[in-house]
Amino acid sequence: MKQQHIATMHIWLVGATNVGKSSLFNRLIGQFRAIVTEVHGTTQDILMHTVQHEALWELVFSDSPWLTSFDEEWLFITTLVESSDLLLFVMDKNVGITAKEQRIHEYIQQNGFQDKVVFVVNKYDAPMSDDDYLIALSEYYGMWYEDVVGVSAKAGHNISMLWSIMQGKIKNVAEQHEAKKHIHKKIPLAIVGKPNAGKSTLMNTLAKKHISRVEDKPGTTLDYLQHDIVYDKKEYTLYDTAGIRKKAKTRGLEKIAYDKTISMIKYVRPIVVYLLDMTQGLTHRDMTLIEEIHNKAVPFLIALNKTDTVEKEEYRKYVEDLAKRFNHMKYVPIVPISALNGKGFGNLFTMVGRLYKESRKKVSTGELNSIVTKEFITRPPRFPKNKICKIFYMTQVDNNPPKFMIFVNHLNRANFSFKRWVENTIRKHYGFIGVPLVLIYRGREEKKHSEHSRDFQDRIRHERDRELGLEEEE
């Protein structure tokens, strides 16, 4: 029988001295491995312990040591931050952010490691109400970590919640590693559309040479093509994708081509130029594909091809029809071009550059909350009687796509109208032209739900003890 491959995931605990890393380390592995005292720098060696997870993963927990020289310690910290698959960034809620933690935080942000971080605020030893817990943690979301949890390593409060968050991170490791393969400095630009919309012609004109086969029949391009170009002194990587038909109708090679295109968009996260042939009109297939691109939360614009072959009145009616059909996407730019002769390329690349900047825009947490509070007073959303959804706190936790965390009093009251109001308010003040927003709502009910969920930690401890024969040590 073929042995199943077991992957290893390295989980490091980092933070200032005496914030409770060793206590948390012991709590997570279910053993008293690390010595815990009130003396700064008790842990002076790297402590490692392996836990089996769902027969597919080995979780290697490592507790970082205290070193006498901060320069020596800093070199160690940067190395483990870069080499870890998951980072538990631990701080003491009674002390707050120290200079060391601020430096670690800046290093994580500057190097793009925030996606693999769980920000753990320790020493919530006394029980708290849901509202107090929510408010206490809200300020830490402004540090741009999506996953923030308050725990007591000493008393065991919220450890099951931390395990649940870690479990989600574990499942995403493979995708994160795949995404890293596509990181580059050139602006990625994908040309997408239904078959025979003129994508290959546009690719060849932009590249100024014949690199994509052009035929007057659908399905000529079955794999996406990649080519680097320079336009107006800026570097781009072009992706000419296969003509995408409706997913349910793809078969054989077309199905493979479709999956490769969608995977490329998911991992590369390019600026998407959706190409529409004005001589063919707007079809149901186009509408479906535009919605699918929108759901991937990548920045995109609509390019109207062959506009040089139609009258101005026909163009005007076409644009008006687009606006009506995609009323919820008013922020998506529409650019007229001619793929064959290069008409409109200047405006196209100007807009591509703007979308690239918009997708990476960062919004100040303080300013955002001030604006939302004023808008709630002067232009409030509508709610059913006695069903008001109040916003406690809002912060941007990521970009590309811009991701916002919104803390509300009652999650079930955050209806469609309210969510539309929140998005419109953000766009009114910050634009985000051509960029879908990801809005995550958190209510005080979620903490209760997490506390009553299956205790993932107990299951891990049981599986580890069974594998290692350590039941008698518990």
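Position labels on residues start from 1 in each chain and follow its written sequence. The model is predicted, so local features are restricted to residues of pLDDT at least 70 and side-chain atom pairs to those at 80 or more, both for listing and for counting; the totals for chains, interfaces and linings are taken over all residues. To get the side-chain values, all heavy atoms of the structure are used, and hydrogens and water are removed first.

Undergrad: Residue-level account of the sheet that holds strand 15 (residues 438-443), with values.
TA: A pair of strands is considered paired only if DSSP assigns at least 2 bridges between the two. The helix count covers DSSP runs of H or I at least four residues long, the strand count covers runs of E at least two residues long, and both are numbered beginning at the N terminus. An order of 13-14-15 is seen for the three strands of this open sheet, with the pairing classed as mixed. The sheet terminates laterally at strand 13 (391-398) and strand 15, the two strands that pair on one side only. Direction aside, the axes of adjacent strands within the sheet are offset by 20 degrees on average. Taken together, the six bridges between strand 13 and strand 14 (residues 403-408) define a ladder with antiparallel strand orientation. Looking across to strand 14, one finds that Thr-395 is bridged to Met-405. Lying over the sheet, helix 12 (residues 416-430) contacts strand 13, strand 14 and strand 15, oriented at roughly 125 degrees with respect to strand 15. Comment: axis = line fitted to C-alpha atoms, over the contacting stretch for helices; angle = value between 0 and 180 degrees taken between N-to-C directions. By definition in these notes, contact holds between two residues if any of their heavy atoms fall within 4.5 Å.

Undergrad: Give a description of the environment of Thr-365 that names residues and reports values.
TA: Here Thr-365 shows up in helix 11 (residues 365-378). Note on classification: 1.4 Å probe, protein chains only; a residue is buried when its accessible area is under 20% of the maximum for its type, exposed when over 50%, partly exposed between these limits. Classification of Thr-365 by relative accessible area gives buried; the value is 14%. When the C-alpha positions of Thr-365 and Met-143 are compared, they lie 9.3 Å apart, and in sequence the two are 222 residues distant. Not counting chain neighbours up to four residues away, the residues in contact with Thr-365 comprise Gly-142, Tyr-393, Met-394 and Thr-395.

Undergrad: Describe the pairing of strand 5 (residues 117-122), naming the residues involved and giving the relevant values.
TA: Regular strands place side chains that alternate from one sheet face to the opposite one. Of all six residues in strand 5, six are buried; the element is thus mostly enclosed. Covered by surrounding structure in strand 5 are Val-117, Phe-119 and Val-121 together with Val-118, Val-120 and Asn-122, the residues of both alternating faces. A right-handed crossover is one whose linking path, passing over the helix from the first strand to the second, runs clockwise when the strands point away from the viewer. Read from strand 4 (residues 86-92) through helix 3 (residues 99-110) to strand 5, the crossover connection turns out right-handed. Pairing of strand 5 with strand 6 (residues 147-150) involves four bridges; the strand directions are parallel. Residue pairing for strand 6: Val-121 is matched across the bridge by Gly-150.

Undergrad: Please provide a residue-by-residue account of the packing of aromatic side chains, values included.
TA: Think of it this way: a Phe, Tyr or Trp ring, Trp meaning its six-membered ring, pairs with another when their centres are within 6.5 Å, and the plane angle makes it stacked under 30 degrees, edge-to-face over 60, tilted otherwise. Evaluation of the coordinates by the stated rule reveals 14 aromatic pairs. Ring geometry for Phe-383 versus Phe-418: centroids 5.5 Å apart, planes at 40 degrees, classification tilted. Pair noted here: Phe-383 is in the loop between helix 11 and strand 13 and Phe-418 is in helix 12, with a separation of 35 residues, a long-range link. When its relative accessible area of 19% is taken as the criterion, Phe-383 is described as buried. Taking the relative accessible area as the measure of exposure, Phe-418 reaches 0% and is therefore buried. Seen from their ring centres, Tyr-393 and Phe-407 are 6.3 Å apart, and the 50 degrees between their planes marks the pair as tilted. Taken as a pair, Tyr-393 in strand 13 and Phe-407 in strand 14 lie far apart in primary sequence, 14 residues in all. Given a relative accessible area of 3%, Phe-407 falls into the buried group. Within the aromatic cluster, the residues linked to one another by ring pairs are Phe-376, Phe-383, Phe-418, Trp-421 and Tyr-441.

Undergrad: I'd like a rundown of unusual backbone geometry, residues and numbers included.
TA: Backbone torsion omega between Asn-400 and Pro-401 reads 5 degrees, so that peptide bond is classified as cis. Of note, Pro-401 is situated in the loop between strand 13 and strand 14. Even without a glycine there, the phi angle at Lys-233 is positive, about 70 degrees. Residue position: Lys-233 is located in the loop between strand 8 (225-231) and strand 9 (234-240). We classify Lys-233 as exposed; its relative accessible area is 82%.

Undergrad: Describe in detail the confidence of the model for the chain, supporting the description with residues and values.
TA: Looking at the chain, pLDDT values average 77 and 73% of them are 70 or higher. pLDDT gives the predictor's per-residue confidence on a scale running from 0 to 100. In the predicted structure, residues 213-221 sits below a pLDDT of 50 and forms 19 contacts with residues beyond four places in sequence or in another chain. Under a pLDDT of 50 for its full length, residues 446-457 has, in the predicted model, 23 contacts with residues more than four places off or in other chains.

Undergrad: So what about the pattern of salt bridges? Which residues, and what values?
TA: Think of a salt bridge as a Lys or Arg side-chain nitrogen and an Asp or Glu carboxyl oxygen that are within 4 Å of each other. Tallied over the full model, the rule gives 13 salt bridges. As a salt-bridge pair, Lys-194 and Asp-286 come within 3.4 Å of each other at their nearest N and O atoms. Placement of the pair is Lys-194 in the loop between strand 7 (187-192) and helix 6 (199-207) and Asp-286 in helix 8 (residues 284-295), with a sequence separation of 92 residues. Neither residue differs from the other here; Lys-194 and Asp-286 are each classed as buried.

Undergrad: Can you explain the sheet that holds strand 12 (residues 334-336)? Please cite residues and give values.
TA: Within the open sheet, the six strands sit side by side as 8-9-7-10-11-12. Their pairing is mixed. Strands with a single pairing partner mark the edges of an open sheet, and in this sheet they are strand 8 and strand 12. Adjacent strand axes in the sheet meet at a mean angle of 30 degrees, parallel and antiparallel pairs treated alike. Packing of helix 6 onto the sheet brings it into contact with strand 7, strand 8, strand 9 and strand 10 (271-277), and relative to strand 8 it is tilted by some 40 degrees.

Undergrad: Please give an account of helix 3 that cites residues and values.
TA: Expected span of a helix: the number of residues minus one, times 1.5 Å. Taking 1.5 Å of rise per residue, 12 residues should cover 16 Å, and helix 3 covers 16 Å from first to last C-alpha, within 8% of that figure. At the exit of helix 3 stands Gly-112, carrying a positive phi of roughly 70 degrees.

Undergrad: Outline the packing of helix 11 against helix 12, supporting the account with residue identities and numerical values.
TA: Helix-helix packing: each pair is described by the crossing angle between the helix axes and the interaxial distance. For the pair helix 11 and helix 12, interaxial distance at closest approach is 11 Å and the crossing angle is 120 degrees. Overall, the two elements helix 11 and helix 12 adopt an arrangement that is oblique. Regarding helix 11 and helix 12, the two cross each other, and that crossing is right-handed. Packed against helix 11, whose contacting residues are Glu-367, Leu-368, Ile-371, Val-372, Glu-375 and Phe-376, the element helix 12 presents Phe-418, Trp-421, Thr-425, Lys-428, His-429 and Tyr-430 at the interface. In this count, Pro and Cys sit with the nonpolar residues alongside Ala, Val, Leu, Ile, Met, Phe, Trp and Tyr, while Asp, Glu, Lys and Arg are called charged and the others, Gly among them, polar. A class-by-class count of the residues in the contact of helix 11 with helix 12 yields seven nonpolar, two polar and three charged. Geometric relationships in this document are graded by angle, where less than 35 degrees denotes roughly parallel, more than 145 denotes roughly antiparallel, 65 to 115 denotes roughly perpendicular, and other angles denote oblique. Put simply, a crossing is left-handed when the front helix is turned counterclockwise from the back one by less than a right angle, and right-handed when it is turned clockwise.

Undergrad: Outline the environment of Ile-426, supporting the account with residue identities and numerical values.
TA: The residue Ile-426 is located in helix 12 in this model. Assessed through its relative accessible area of 1%, Ile-426 is described here as buried. Each C-alpha atom of the pair Ile-426 and Val-372 lies 8.1 Å from the other, and the pair is 54 residues apart in sequence. Aside from chain neighbours lying at most four places away, what touches Ile-426 is Met-394, Phe-404, Gly-431, Phe-432, Leu-437 and Leu-439.

Undergrad: Got a sec to walk through the side chain of Gln-114? Specific residues and values, please.
TA: By secondary structure assignment, the location of Gln-114 is in the loop between helix 3 and strand 5. Look at Gln-114 and you get buried, because its relative accessible area is 13%. Sequence-distant contacts of Gln-114, defined by excluding residues within four places in its chain, comprise Ile-108, Gln-109, Trp-144, Tyr-145 and Asp-398.

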